[in-house]
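Topology and contacts: notes
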Amino acid sequence: MLMPPPLRPGDKVRFVSPASSPDRDMVLRHAEILKGWGLTVDFGEHAFHKRDYLAGTDEERLSDINGAFRDPEVRAVFTTRGGKGSYRIADKLDFAAVRRDPKFVIGFSDITVLHLSLLKSGHQIGIHGAFFCGPNDDGVSPYTREALCRTMMTTEDIVIEARPHEPTFGLTTGGTARGRLIGGNLDTVATSAGWALPDLNGAVLLLEAVHMYRGQVDRQMTMLRKAGHLNGLAGVAIGQFTNFEFDRPYSVIDILREHLAELKVPILGGLPLGHGDSPASVFIGAVAELDAKAGILAIRHGNI
């Protein structure tokens, strides 16, 4: 498994838009944060293009991300946002360039499919994270900034504590699990099944979701489970499920509990990973240790 080196002051980071078109002013504000960390920032040629709900044509978006992979001066690839569209190009990434010169891809949500495809075909670890402003945030919280900086720019262990106030905390069972952390956004994990989703045998599955109908969650979990994609899991890490009605008599938490109970593995919910308040960052593809009783998900650099 390829672990890109941490970024150092002076390294160049390139913003690209493999999915939907971003808010230019917001991206420029995020670029200033990176510059404040001592990084140099530039932008893909089509980073601010717009073609309906996509940031340019498939060819334009693919050209930008593959150009970043091939450029030896670029040391990390920062996606401007998620949205929709990464799944259209995820199988056409330059995996040979990735293997020659590993560099972090940073993003989440729709970017999950890029992490999964890079993991399956390029054997490269990515970063599930972003300068995300949650539903109750006026800007990027200090916690989110610090978590992303630590993940990108240090070799410190990543230790994420579950939050009891997150609705998914109620899914927590007991026990411990150890395996490669694979997954991300549920909708995108389901979209990846059968072509970009790596083998999950022995893995810790990460799931988060935003603004979906209960029936969508039920369908996607049913497909993943009955098609055998979840066979052999070591454990499940559940992040933030955002913009759901949790006070319904039969809520998304009940639906998830029914599906996850069939797996008979340790489950840790309530993790600050996803589209909620002050999310953390984490490595996708690295070996993770899940302790449901202690409420901890940890990635030790010595075990990657």
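Structure shown above.
The structure contained in this document is the topic of the report that follows. Everything numeric in this text was worked out from a predicted model, so none of it was measured. (Residues numbered from 1 in each chain as written. Predicted model: local features only at pLDDT ≥ 70, side-chain atom pairs only at ≥ 80, totals over all residues. Heavy atoms only, no water.)

1. Quick word on the overall build of the chain
- Counting its regular elements, the chain contains eight helices and 13 strands.
- Here the chain has a C-alpha radius of gyration of 18 Å; the compact-globule value for 304 residues is 19 Å, and the two agree.
- Principal axes of the C-alpha set define a box for the chain whose edges measure 50 × 40 × 40 Å.
- For the chain, the proportion of contacts with a sequence separation of at least 24, taken over those separated by at least 6, is 80%.
- On the chain, the mean spot of the 33 positive side-chain charges and the mean spot of the 36 negative ones are 4 Å from each other. (Helix = DSSP H or I, 4+ residues; strand = E, 2+ residues; numbered from the N terminus. Rg over C-alpha atoms; globule rule 2.2 N^0.38 Å. Contact = heavy atoms within 4.5 Å. Lys, Arg positive; Asp, Glu negative; His and termini not counted. Charge placed at Lys NZ, Arg CZ, Asp CG, Glu CD.)

2. Topic: the nonpolar core
- In terms of nonpolar packing, the biggest core is built from 74 residues, with L34, F78, M152, L181, V217, L260 and L297 touching the most fellow members.
- Core analysis: the second largest hydrophobic core is formed by 20 residues, I65, A97, V113 and L118 among them. (Core = buried A, V, L, I, M, F, W, Y, C linked by side-chain atoms within 4.5 Å. Buried < 20%, exposed > 50% of the residue type's maximum accessible area, 1.4 Å probe, protein only.)

3. Describing the pairing of strand 8 (residues 204-210)
- Counted residue by residue, strand 8 has six buried out of seven residues, so it is predominantly covered.
- Where strand 7 (residues 176-185) meets strand 8, five bridges bridge the pair, whose relative direction is parallel. Counterpart to N185 in the pairing with strand 8 is E208.
- The pairing of strand 8 with strand 9 (residues 235-242) spans six bridges and is parallel. Each residue of the ladder has a partner; that of L207, found in strand 9, is I238.
- Running through helix 7 (residues 214-226), the crossover from strand 8 to the neighbouring parallel element strand 9 is right-handed. (Pairing = 2+ DSSP bridges. Right-handed = clockwise from strand over helix to strand, strands pointing away.)

4. Quick word on the packing of helix 7 against helix 8 (residues 252-261)
- Following both chains from N to C, one finds helix 7 and helix 8 inclined at 10 degrees, their axes separated by 10 Å at the closest point. By the criterion of interaxial angle, the relationship of helix 7 to helix 8 is roughly parallel. Across the interface between the two elements, R214, V217, D218, M221, T222 and R225 from helix 7 touch V252, I255, L256, H259 and L260 from helix 8. (Axes fitted to C-alpha atoms, helices over the stretch in contact; angles between N-to-C directions. Parallel < 35°, antiparallel > 145°, perpendicular 65-115°, else oblique.)

5. Quick notes on helix 4 (residues 112-122)
- Most of helix 4 sits inside the fold, with nine of its eleven residues counted as buried.
- Of the residues making up helix 4, those classed as buried are T112, V113, L114, H115, L116, S117, L118, L119 and G122.
- Directly after helix 4, the chain includes H123, whose backbone phi takes a positive value near 60 degrees.

6. Focus: the sheet that holds strand 10 (residues 267-268)
- Pairing is mixed in the open sheet, where seven strands are placed in the order 6-13-12-7-8-9-10. Of all strands in the sheet, those with a lone pairing partner are strand 6 (158-161) and strand 10, marking the two edges.
- Direction of pairing for strand 9 relative to strand 10: parallel, over a ladder of two bridges. The residue bridging V236 from the neighbouring strand is I267, located in strand 10.

7. Quick look at the environment of G139
- Residue position: G139 is located in the loop between strand 5 (126-128) and helix 5 (142-153).
- When the C-alpha positions of G139 and M26 are compared, they lie 9.7 Å apart, and in sequence the two are 113 residues distant.

8. What about the packing of aromatic side chains?
- Per the counting criterion, the structure on display carries nine aromatic pairs.
- With 5.6 Å between their ring centres and 40 degrees between their planes, F241 and F244 make a pair best called tilted.
- Given a relative accessible area of 3%, F241 falls into the buried group.
- Residue F244 is classed as buried on the basis of its relative accessible area of 11%.
- Each residue in the set F15, W37, F43, F48, F78 and F131 is aromatic and connected to the rest through ring pairs, giving one cluster.
- The aromatic ring of F48 is capped on one face by R24, whose charged end is 4.2 Å from the ring centroid.
- We note R163 situated over the ring of Y143; from NZ or CZ to the ring centre the distance is 5.1 Å. (Phe/Tyr/Trp six-rings, centres within 6.5 Å; stacked < 30°, edge-to-face > 60°. Lys NZ or Arg CZ within 6 Å of the ring centre and 35° of its normal.)

9. Looking at the pattern of salt bridges
- In total, this model carries 15 salt bridges according to the counting rule given.
- Notably, a salt bridge pairs K12 with E73, separated by 3.2 Å at the nearest N-O pair. Of the two residues, K12 is situated in strand 1 (residues 12-16) and E73 in the loop between helix 2 (58-70) and strand 3 (74-79); the sequence distance between them amounts to 61 residues.
- Given a relative accessible area of 53%, E73 falls into the exposed group.
- In this structure, the salt-bridge partner of E289 is R300, at a minimum N-O distance of 3.4 Å. Of this pair, E289 sits in strand 12 (residues 287-291) while R300 sits in the segment after strand 13 (296-299), and the two are eleven residues apart along the sequence.
- A single salt-bridge network, built from bridges that share partners, covers K12, R14, D42, D71 and E73. (Salt bridge = Lys/Arg side-chain N within 4 Å of Asp/Glu carboxyl O.)

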